[in-house]
Amino acid sequence: MKRPWVFTVMTISSLFRFMFKKAGVILALALLVSACSPRYNWREVDVADGHARAAFPNRVQTETRKLRLDTHTLDFTLASATVGEAVFAIGSAPLPPEIAADPVARQALGVALMRSLYVNMQAPPPTEWPPYGQDIDVQGKAMGKPGWLRARVWITDTMLIEAVAAGTEASLPEERAREFLRSVVVKP
């Protein structure tokens, strides 16, 4: 019969073996979890010809192509980074002089860019547009799967700028989208 007040004595070596066994299990679980979750390696980058700065979660790639918005064709530059299936991007285009000088034309171009976010996600656009620089959330389809994006659009006197975080529910955590958009600073 054991007495309740008698304790089992562990030697120092058996205590360390016990701790290392537990540490091995914890380390294995940590490695498993880290292997399944994407890596975010944030870095600040100047984009939009120096008119904006943003923190991207991975190495940035830049591409310029012609983009038709409203009745205008613009040279649109996209600086983007991907983490898994999530995309983080800043798109920008210098405004042609005739648009830069016309507030109504600038407004129409900004609305056309906001509308394109909904078209790209195969989602119906809203009846009212948010003010420039405010979050736009769109639920729709991305890469043939249910997806979503969070974006902001700005129009300065010389530039059209958009920031977008897009992906699927599984590939883009809401906090990462918020973190990206909070990092964007548009310079006057």
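Residues numbered from 1 in each chain as written. Predicted model: local features only at pLDDT ≥ 70, side-chain atom pairs only at ≥ 80, totals over all residues. Heavy atoms only, no water.

Asks: What is the right way to look at the overall build of the protein chain in this model?
Replies: Per the secondary structure count, the protein chain includes 4 helices and 9 strands. Ordered by position in the sequence, the α and β elements of the protein chain form the string α-β-β-β-β-β-α-α-β-β-β-α-β. Buried residues in the protein chain amount to 36% of all 188 residues. Accessible surface for the protein chain amounts to roughly 11,800 Å². Of this, 60% is attributable to carbon and sulfur atoms. (Helix = DSSP H or I, 4+ residues; strand = E, 2+ residues; numbered from the N terminus. Buried < 20%, exposed > 50% of the residue type's maximum accessible area, 1.4 Å probe, protein only. Areas by Shrake-Rupley, 256 points an atom, 1.4 Å probe, with all protein chains shown as cover.)

Asks: Where do I start with the pairing of strand β1 (residues 43–47) in this structure?
Replies: On a regular strand, one side chain projects to one face of the sheet and the next to the other, so that they alternate. Looking at chain direction, β1 and strand β2 (residues 52–56) are connected through 5 bridges and run antiparallel. Following the sheet pairing, Val-47 is matched in β2 by Ala-52. Taken together, β1 and the strand that follows it, β2, pair antiparallel across an intervening segment of 4 residues, in which Ala-48 is found at a positive phi of about 55°. (Pairing = 2+ DSSP bridges.)

Asks: What is the right way to read the sheet that holds strand β6 (residues 136–142) from this model?
Replies: What links the strands of a sheet is backbone hydrogen bonding, and the strands pair in either a parallel or an antiparallel sense. With antiparallel pairing, 6 strands are arranged side by side in an open sheet as β3-β4-β5-β8-β7-β6. Edge positions in the sheet fall to β3 (61–69) and β6, since each has one partner strand and no second. Across the sheet, the mean angle separating the axes of adjacent strands is 25° when strand polarity is ignored. Bridge analysis of β6 against strand β7 (residues 145–155) gives 7 bridges, and the strand direction is antiparallel. Counted as the bridge partner of Gly-140 is Gly-147 from β7. (Axes fitted to C-alpha atoms, helices over the stretch in contact; angles between N-to-C directions.)

Asks: Even after reading the chapter, I still don't get the environment of Glu-44, so can you show me in this structure?
Replies: Within the fold, Glu-44 resides in strand β1. Sequence-wise, Glu-44 and Ser-183 are 139 residues apart; in three dimensions their C-alpha atoms are separated by 8.4 Å. Not counting residues up to four positions away in its chain, the partners in contact with Glu-44 are Arg-53, Ala-54 and Ala-55. A distance of 3.0 Å separates the side chain of Glu-44 from the side chain of Arg-53, its partner in a polar contact. (Contact = heavy atoms within 4.5 Å. Polar contact = N/O pair within 3.5 Å; in protein donor to acceptor, adjacent residues only side chain to side chain.)

Asks: When you look at helix α3 (residues 103–120) in this model, what are you seeing that I'm missing?
Replies: Since the α-helix packs 3.6 residues into each turn, any two residues three or four apart lie on the same face. With 18 residues, α3 should cover 26 Å at 1.5 Å per step; its first-to-last C-alpha distance of 26 Å lies within 8% of that length. Buried within α3 are the following residues: Ala-105, Arg-106, Leu-109, Gly-110, Val-111, Ala-112, Leu-113, Met-114, Leu-117 and Tyr-118. Between a side-chain oxygen at the N-terminus of α3 and the backbone nitrogen of Val-104 the separation is 3.1 Å; the capping residue is Asp-102. A positive phi of about 55° marks Gln-122, the residue just after α3. (Expected span 1.5 Å × (residues − 1).)

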